[in-house]
Amino acid sequence: MSHVLAAVAWPYANGPRHIGHVSGFGVPSDVFSRYMRMAGHDVLMVSGTDEHGTPIQVQADAEGVTPRELVDRYNRVIVEDLHGLGLSYDLFTRTTTRNHYAVVQEMFETLYRNGYIVAKTTLGAISPSTGRTLPDRYIEGTCPICGYDSARGDQCDNCGNQLDPEQLVDPRSKINGETPEFVETEHFFLDLPALADALNKWLDSREGWRPNVLRFSKNLVEDLHPRAITRDLEWGVPVPLEGWRDRNDKRIYVWFDAVIGYLSASIEWARRSGKPDAWRQWWQDPEARQYYFMGKDNIVFHSVIWPAILLGYNGEGSRDGKPGTFGRLELPTEVVSSEYLTMEGRKFSSSRRVVIYVRDFLARYDADALRYFIAVAGPESNDTDFTWAEFLRRNNDELVAGWGNLVNRSISMAAKNFGEIPTPGPLTEADEALLATVRAGFESVGALVSKHRQKAAIGEAMRLVAEVNKYMSESAPWKLKEDKERMGTILYVTLQAISHLNTMLTPFLPHAAQRIHELLGGTGVHAPMPSIVEVEDLDDGNTYPILTGDYTVGARWEPVELPTGRPLAAPTPVFRKLDPSIIEEELARLTS
Ligand SMILES: [Zn+2]
C-alpha cells in the first residue's frame, strides 16, 4: 500500500462545465482514484474551482455583479455537476478560501526569500485623462501574434497566448477609447532560468510518461524566461510583501495561485479531517506518488511551471535556498494529460451553442452512460469526436445489449427458478475455465488502469463480458428444466462471473455497480459516492459547498465468492435503452 495523490485540474468558475471538460480530466481521474483505492492504496483526490483572474472580473463587470457573486454562483453549479457524475473527490474546494490565500502567500514569500522571485520594472498602462492605473482587462488592441483585433492586455482569447499590454498593436482603453500611456511600474517575476537545470534533471529522471509530454516539456525548458506572477488587477491574492500587501491594484496572477491549489486543498482536507499534518503523507514521503490529471492545453503548468515553483520553494535551483515552513515538497510523479473532445465534428463553443452542459446531459441521460462513453471512446490519447449517433450506439449495443442484458437475464432466471443464488453441483472444465478467465481480469484490467490506459482496460472488461455471454448461450441453462442441478450450476457460474465483472467495472460505472451488487442480494456500500457538504471557511469567511466522502468502504479489487442461498428478487433493468429519436432531438437543440 502506498499514498497516492490524484491532483485533478481546477475548472474555471466562469460558467457551467460541458461534457468536453469532464471527459478530459474529470472522469478519468475518478476511474483511476476509485481503482487505486479498491486496490488498497491510500488515495487523496483533490481539486476545486479556479476563481481568480481577468476573465472572471470581465464577466462580472459585464453582468453587473461582483467577481465574488459570479464565482459563488458557478462554484455551486460546478460542485453539483461533478457530484452528479459521481466523482469521488476527497475534497473539491475553491481558490477563494482564506486557507488557499495563506498557502499561496507562504509559497510566494519562500520563493522570494530563496531568490526565485525577482522584481522587475515593466511598462504599465495609465489613463492619460485621469492619471490612474488602467487594469489589463480594460486595455484592448490587436494581437501581435495572430492579428485578432480584440485581444486583451493580458491574453488573446483567439490564439490563447499570454500578452503584456504594451505588446498590443494599436492599444486603446475599453472605458473611453483613449490611447493608454505606458509608464514604468514594478512587477514580480518567477525566475524560471534559475530553475532550468534542476527542471531538466528532474525531467530526465521521469519514467513512464507519455513520450510526447516529456518531449514537449523538455523543449519548453530549453527556452525559459522569467515569467510575470503579478498583474495590474484588483481580483486575486494580495502580494504578501511589505508595501504591497495592502495595495488593491496589484494581485498575484491567477495561474500562479491556481496550481498551488493542489497543495492548499490537501492542507484544507487535512485540517477538516482533524489531523492537520495528514497532508504531509502525500507531499513529503518520497515513497508517495503524485498523479496530475489535465487537458493537453495545461501540460506546461504541470510539467514545468508547478515543478519549478516546488523546486524554488525547496531551495533546489541554481540559487539554492531553504524550504519554507511546510518543509520540502515532492514533485509530480506523473503528468497524465488528455486530448480534446469535439462535438459533432466541431469545437465545443458556448457562444455558438455547440455544447451540451453536464447538468443538461444528466437531466436526460444516466451518469454511467456518459462515463461509459468517455471510458470507451474518450480523448485519452487522440482527439475524439462525440456524436449523438455514436453515444446511442455505444449505449444500446454495448452497455445495454452486452452487459445489462447479461446481468438481467441471468439474475431473472436464477430468481425465477431458485429464488436465491443456487448451490452448484460439480463444475465442468468449461465452468472452471470461464471462472479462471474472468478472474484473470483483475490482473489485466487493473494493470491497464494503473498505467492510465483506461480505454484498453474497459475494452478488456467488456471482452470478458462477451466471454460470459458466450458461455451462457453455449450452456443454454433455459433448456435444462429437467436437470435442475446442472441448470443451477451454470447459473451459479454465470452469477459468480457477473459479480467479478461488476467489481472490475466499478471504477468506470459506479452507480450501476452499486445496483448490480444489490440485485445480487448484496447489502451495504459497494461503490462509495461523494456528498455535497456546506462548510464554514476554516479561517473566517463565507460558507461554501464542498464535495467529499468516505471512500474507505466498498468493494476491494479482488474476487469474492458469492454466498449460495442468498435470496434473489426479479431484477429491474440497470441501464436504459435509448430511442433513436434522441439523435434528431439533440441535433436540433445544438443548432437552434
Ligand atoms: Zn492572438
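The structure displayed is predicted, hence computed values, not measured ones.

## Some thoughts on the pairing of strand 12 (residues 289-295)
Judged by how many residues are buried, strand 12 sits mostly within the fold: 6 of 7 residues are covered. Strand direction decides the pairing type here: strand 1 (residues 3-8) and strand 12, joined by 5 bridges, are parallel. What sits directly across from Val 4, in strand 12, is Arg 289.

## Focus on the coordination of the zinc ion
Surrounding the zinc ion are the protein donor atoms Cys 143 (SG), Cys 146 (SG), Cys 156 (SG) and Cys 159 (SG), at 2.3 Å. Read in sequence order, the donor residues for the zinc ion give the motif C-x2-C-x9-C-x2-C. With Cys 146 in the loop between strand 5 (139-142) and strand 6 (151-152) and Cys 156 in the loop between strand 6 and strand 7 (169-173), this residue pair connects regions lying 10 residues apart in the sequence.

## A closer look at the UniProt feature "binding site: Zn(2+)" (unreviewed entry) in the protein chain
This chain's UniProt record puts "binding site: Zn(2+)" (unreviewed entry) on Cys 143, Cys 146, Cys 156 and Cys 159. The largest pairwise C-alpha distance within this set of annotated residues, which runs over 17 residues, is 8.6 Å, so the set is compact in three dimensions. With respect to the helices, strands and loops of the structure, Cys 143 is situated in the loop between strand 5 and strand 6. Residues contacting Cys 143, with those up to four places away along its chain left out, are Tyr 148, Ala 151, Cys 156 and Cys 159. Those residues in contact with Cys 156 that sit more than four places away from it in its chain are Cys 143, Cys 146, Tyr 148, Ala 151, Asn 161 and Leu 163.

## Here's the deal with the UniProt feature "binding site: ATP" (unreviewed entry) in the protein chain
Under the present numbering, the feature "binding site: ATP" (unreviewed entry) in UniProt falls on Ser 350. On the secondary structure map, Ser 350 appears in the loop between strand 14 (341-343) and helix 10 (358-364). Residue Ser 350 is classed as partly exposed on the basis of its relative accessible area, which comes to 43%. The residues contacting Ser 350, other than those within four sequence positions of it, are Val 355 and Tyr 357.

## Re the nonpolar core
Trp 306 and Trp 403 are the most contacted members of the largest nonpolar core, which totals 170 residues. With 12 residues, helix 12 (residues 388-417) is the single largest residue contributor to this core. The residues contacting Trp 306, other than those within four sequence positions of it, are Met 107, Val 259, Ile 260, Tyr 262, Leu 263, Trp 283, Tyr 292, Phe 301 and Pro 332.

## Overview of the packing of helix 11 (residues 367-377) against helix 12
Relative orientation of the contacting elements helix 11 and helix 12 amounts to 100°, with a least axis distance of 10 Å. In terms of axis orientation, helix 11 runs roughly perpendicular to helix 12. Counted together, Asp 368, Ala 369, Leu 370, Tyr 372, Phe 373, Val 376 and Ala 377 of helix 11 and Glu 390, Phe 391, Arg 394, Asn 395, Glu 398 and Leu 399 of helix 12 form the full contact between these two elements. Grouping the amino acids of the contact of helix 11 with helix 12 by side-chain chemistry returns 8 nonpolar, 1 polar and 4 charged.

## Observations regarding the pairing of strand 5
The two faces of the sheet receive side chains in turn, since in a regular strand these alternate between them. When strand 5 meets strand 7, the two strands line up antiparallel, connected through 3 bridges. Looking across to strand 7, one finds that Glu 140 is bridged to Arg 172. With 2 bridges connecting them, strand 5 and strand 6 associate as antiparallel partners. Within the sheet, the bridge partner assigned to Glu 140 lies in strand 6 and is Arg 152.

Rules used in this analysis
- Per chain, residue numbering runs from 1 following the sequence as it is written.
- Totals for whole chains, interfaces and linings use all residues, but because this is a predicted model, local features are given only for residues with pLDDT of at least 70 and pairs of side-chain atoms are given and counted only at 80 or more.
- Note: side-chain values were computed over all heavy atoms of the structure, leaving out hydrogens and water.
- Exposure classes here rest on a 1.4 Å probe applied to the protein chains alone. A residue is buried below 20% of its type maximum, exposed above 50%, and partly exposed in between.
- Under the scheme used here, helices are H or I runs from DSSP no shorter than 4 residues and strands are E runs no shorter than 2 residues, and both carry numbers assigned from the N terminus.
- Two strands qualify as a pair provided DSSP detects at least 2 bridges between them.
- Shown as donors are all N, O and S atoms within 2.8 Å of a metal ion, widened to 3.2 Å for Na, K and Ca; because water is not in the atom set, sites may appear incomplete.
- UniProt positions are given in the numbering used here, feature names are shortened, and annotations may be inferred rather than shown by experiment.
- Residue contacts are defined here by distance: any two heavy atoms, one from each residue, within 4.5 Å place the two residues in contact.
- The term nonpolar core refers to a set of buried residues drawn from Ala, Val, Leu, Ile, Met, Phe, Trp, Tyr and Cys, joined through side-chain atoms within 4.5 Å.
- Every axis corresponds to a line fitted to the C-alpha atoms, with the helix fit spanning only the stretch in contact, and the corresponding angles, defined between N-to-C directions, vary from 0 to 180 degrees.
- Geometric relationships in this document are graded by angle, where less than 35 degrees denotes roughly parallel, more than 145 denotes roughly antiparallel, 65 to 115 denotes roughly perpendicular, and other angles denote oblique.
- For this classification, the nonpolar set comprises Ala, Val, Leu, Ile, Met, Phe, Trp, Tyr, Cys and Pro, the charged set comprises Asp, Glu, Lys and Arg, and every other residue, Gly included, is treated as polar.

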